[in-house]
Structure formats: C-alpha cells, structure tokens
Amino acid sequence: MSAIEPPLAMLAEITHRCPLQCPYCSNPLALERAQGELDTEAWADIFRQAAALGILQVHLSGGEPMARADLPELVATASAAGLYVNLITSAVLCTEEKLAALKDAGLRHVQISLQGSEAANADTIAGYRDAHAKKLAAAGMLRRLDLPLTINAVMHRQNLDQLEALIELSVELGARRLEVAHVQYYGWALKNRAALIPTRAQLDAATATVEAARQRLKGSLVIDYVIPDYYGRRPKACMNGWGRRFLNVTPSGTVLPCHAAETIPGLVFERATEKPLKEIWTSSAAFEHFRGTAWMPEPCASCDQREIDWGGCRCQALALTGDAANTDPVCELSPHHARIAALANEEAAAGGDDFVYRNYRHADG
Ligand code: SF4
Ligand code: FES
C-alpha cells in the first residue's frame, strides 16, 4: 500500500453534554458524562499533535461545545497550533460577549443547526423551549461580529414541509452556506428511524426544491445537499474512506475513524492521551482494519468504484446487515440492497411519530 497521507480535518467532540435532545443526534447511545471529559491541557496537546500531523481544520463539536466553560482557551490553543477553527453549535448558549471572546481567541467560522423554520415545531424536535428564537438571535450576533455562518438544516419526515421556508430563512440570516442534510441513521437517529425517515415522494419533492433554490440563489447562497442513504443506488464515500482524510476524537480522548465506529465489535480504539496521534493514525489496528481496499469482499473487490466510494459506510453495513465488512447495502450491487429500500418505504408509510429524545435519562450505560 502507498504511504498513508495525513488527515485533513479532525472532529473534536469536546463534550456530550447538550441542552438540546434532538432525536436524530449522531452521538452514541452511551453518552460520556462530564467527569469523563478530557481537560483543557489534554485537548491543547491533541490540537498541537493534530497540527504537527498535518491536519488543517478542527471542528469543535459535541454535544454542545459551548457547555464547556474553557471553550475560549480550547479555541485559542487550537488556533495557536495553526488550525482553522470551526464551531458546530446549537447556539442556544450563545451571547454576544461569549462569541466575541471566541472570535478574539481565533474562531474563524460557525455552523448553527436549525430544527425547522418556525418555532413551535423546531422547539418540539429540539426538546428545548425557545431554542429557535435563541438560534435566530445568535445568527444576528454573528452578523454583527462578521463571523461567517453556515446553517445546518437536518431534514426528516416531520419537517420536510418547511424546506422552502428554511432556505429563505438562511438567506435572511446572512448564511453563506446551507447544508440541507437528510438524517443519516446512526446513533440516536437509528433508534428513531421509524419516526424520521421520509417517503420517496417527500424526498423527490425536497430534491426538486433544492435544485430550484440552487439556481435562484446562485452567487449568494451555496447549498449542499445530502440525501438519506436508504433511497440511494450507490453509497457515499463515508468519511472519504476509512482512515483516509478524517478522524474523530471523543470527549474522553478516544480516536475514531468516524463518529459511529465504536459500534463495530472487535475493533480496539486507542486514546490520544496514551499514544501519539500520529502513531494511532498511521498504524493502529483499528484504522488499518478497513483502510484502502484489501479488506473488501465481492462485489466491491473487483468494482471500478472501489477507490471512489471505498465501499460505502462500515457502520451502516453493520447496522443493516450485521457485518461491518459487508458491502454497504445502499449499493444496488449488494445482495442486501432490495431489503433496505423496502424497509425505508415500510417505515415511512407506517407514519409513527414518537421520538426517544437524546438525553442522559435515555442513554445506555
Ligand atoms: Fe462501491 Fe462496492 Fe458498490 Fe462498487 S460494489 S459501487 S465499490 S459499494
Ligand atoms: Fe462509520 Fe460511515 S459512519 S464508516
């Protein structure tokens, strides 16, 4: 195999604590408690190691990263290490003073999630009163501070009728980029799939809405669009391939190739506090396990797409077929594919709308 290239970006999940309870959260079902979180200096060391390894960007995420009182120090150390610092936030804990301090510390970009276009429905999905109003206020603060804003709109069966309004709202809020991201079914989202997955007709209508908006808003708003895997014919190159471009660090310092990797049995993930990050990236057994193409079964092993989609998503293959080493069943060449599309249609048609909210009370462990 050719030399292992350095990763481009790191998702630093600095805490699992979060005031919101979104039922589609990608966090694991077993949430880390505050006492298990790395301290400021441990994170600072990881940021320095990341920059030395060649990582260019760090996405500070959670949970809600603003739940950490030392966030300005974390931003400052990441920025001083030479990393481009992006904050992924629900925005409900933002004040203008806190955001100004983060900007002074070196924050370069903010991504705010919206649960819908109008308060009542958005607050119900977030499981947090006044969340929507707080998010709109935070977007205004960012405009005044001249910090670039991306809106992340997570779409599912219970808010897809608001997509057009969400696009208009993003323009009003001064966002430069909008991610229209259909829920991907890992972590809490997998648990709540039956309440969230759209019908095929809803998905087609959403795709047409995004296409029209892209034309209309060319030059003023960039719209990224992620469809729900279950209705696809070819899988996405999850994480751009296992151990190729990205790594995640959990609140307690475990280094993962993706946010759901710990669901895969038999893999042992190491901690950045116990082993150099470079060594974990280049030679740990877990990163090596699905890196490249040598692990692939047929039909991937002889497929001309194998270095384009890297066989799709290992965690999805596990969740839907019981074996992470199978071809992602989103691929129409997988023997499991027909069952996946049928499952999506059945669950969407059943129309259940009860959530299991993401919080410590419902968490495993
Ligand atoms: Fe990708 Fe494997 Fe499907 Fe080929 S067979 S398109 S490599 S998932
Ligand atoms: Fe783990 Fe896709 S989420 S490989």
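Before reading further, recall that the structure is shown in the block above.
Only a predicted model underlies this, so the values are computations on that prediction, with no experimental measurement involved. (Residues numbered from 1 in each chain as written. Chains lettered and ligands numbered in written order. Predicted model: local features only at pLDDT ≥ 70, side-chain atom pairs only at ≥ 80, totals over all residues. Heavy atoms only, no water.)

*Asks:* Talk me through the site of ligand 1; I want residue IDs and the actual numbers.
*Replies:* Lining the immediate surroundings of ligand 1 are R234, P235, P299, C300, C303, Q305, R306, D309, G311, T327, C331 and L333. Grouping the amino acids of the shell around ligand 1 by side-chain chemistry returns 6 nonpolar, 3 polar and 3 charged. (Near = heavy atom within 4 Å. Nonpolar A, V, L, I, M, F, W, Y, C, P; charged D, E, K, R; others polar.)

*Asks:* So what about the sheet that holds strand β6 (residues 177–182)? Which residues, and what values?
*Replies:* Spatially, 9 strands are ordered β7-β6-β5-β4-β3-β2-β1-β8-β9 in an open sheet, and the strand pairing comes out mixed. Looking along the sheet, the strands with just one partner apiece sit at the ends: β7 (222–226) and β9 (255–256). By the bridge criterion, 5 bridges tie strand β1 (residues 9–13) to strand β2 (residues 57–61) in an arrangement that is parallel. Counted as the bridge partner of A9 is Q57 from β2. Set on the sheet, helix α2 (residues 71–80) makes contact with β2 and β3 (84–89); between it and β3 the angle comes to about 150°. (Pairing = 2+ DSSP bridges. Helix = DSSP H or I, 4+ residues; strand = E, 2+ residues; numbered from the N terminus. Contact = heavy atoms within 4.5 Å. Axes fitted to C-alpha atoms, helices over the stretch in contact; angles between N-to-C directions.)

*Asks:* Tell me about the environment of I55, and name the residues and values.
*Replies:* With respect to the helices, strands and loops of the structure, I55 is situated in the loop between α1 (40–53) and β2. As a C-alpha pair, I55 and L247 span 192 residues in sequence and 9.6 Å in three-dimensional space. Non-local contacts of I55, meaning those with residues more than four positions away in its chain, are made with P7, L8, A9, M10, A50, L83 and L247.

*Asks:* I'd like a rundown of the environment of P7, residues and numbers included.
*Replies:* As for its placement among the helices and strands, P7 is situated in the segment before β1. Relative accessible area serves as the criterion here: at 1%, P7 is assigned to the buried category. Sequence separation between P7 and L53 is 46 residues; the distance between their C-alpha atoms is 7.7 Å. Here P7 is in contact with L53, G54, I55, R245, F246, L247 and W281, once residues within four sequence places are set aside. (Buried < 20%, exposed > 50% of the residue type's maximum accessible area, 1.4 Å probe, protein only.)

*Asks:* How would you summarise α1 if you had to cite specific residues and measurements?
*Replies:* Helix length check: α1 (14 residues) gives 20 Å between terminal C-alpha atoms against 20 Å at 1.5 Å per residue, within 8%. Burial in α1 covers these residues: A42, W43, A44, I46, F47, Q49, A50 and L53. On its buried side, α1 packs onto β1, β2, α2, β8 (246–249) and α10 (277–283). (Expected span 1.5 Å × (residues − 1).)

*Asks:* Provide a residue-level description of helix α4 (residues 119–126), including the pertinent values.
*Replies:* All of the buried residues along α4 are A122, D123, I125 and A126. End-on, the buried residues of α4 take up no more than an arc of 160°, which puts them together on one face. Elements in contact with the buried residues of α4: α5 (131–145). Taking the backbone nitrogen of A120 as reference, a side-chain oxygen 3.3 Å away marks E118 as the first, capping residue of α4. (Arc of directions from axis to C-beta. Polar contact = N/O pair within 3.5 Å; in protein donor to acceptor, adjacent residues only side chain to side chain.)

*Asks:* Just give me the short version of the pattern of salt bridges, but keep the residues and values in it.
*Replies:* Pairs may arise between side chains of opposite charge once their charged atoms sit close together. What the rule picks out here adds up to 17 salt bridges. Notably, a salt bridge pairs E37 with R17, separated by 2.9 Å at the nearest N-O pair. With a gap of 20 residues between them, E37 in the loop between β1 and α1 and R17 in the loop between β1 and α1 connect regions that are remote in the sequence. The shortest N-O distance in the salt bridge between K236 and D229 comes to 2.5 Å. Judged by relative accessible area, K236 falls into the partly exposed class, the value being 27%. Taking the relative accessible area as the measure of exposure, D229 reaches 7% and is therefore buried. Linked by salt bridges that have partners in common, R17, E37, R68 and D70 make up one network. (Salt bridge = Lys/Arg side-chain N within 4 Å of Asp/Glu carboxyl O.)

*Asks:* Talk me through the packing of α1 against α2; I want residue IDs and the actual numbers.
*Replies:* Interhelical geometry of α1 versus α2 gives an angle of 20° and a closest axis separation of 9 Å. The angle between α1 and α2 places the two elements in the roughly parallel class. Considering how the two elements wind past one another, α1 and α2 form a crossing that is right-handed. Of α2, the residues touching α1 (which contributes T40, W43, A44 and F47) are E73, L74, T77 and A78. (Parallel < 35°, antiparallel > 145°, perpendicular 65-115°, else oblique. Left-handed = near helix turned anticlockwise from the far one by under 90°.)

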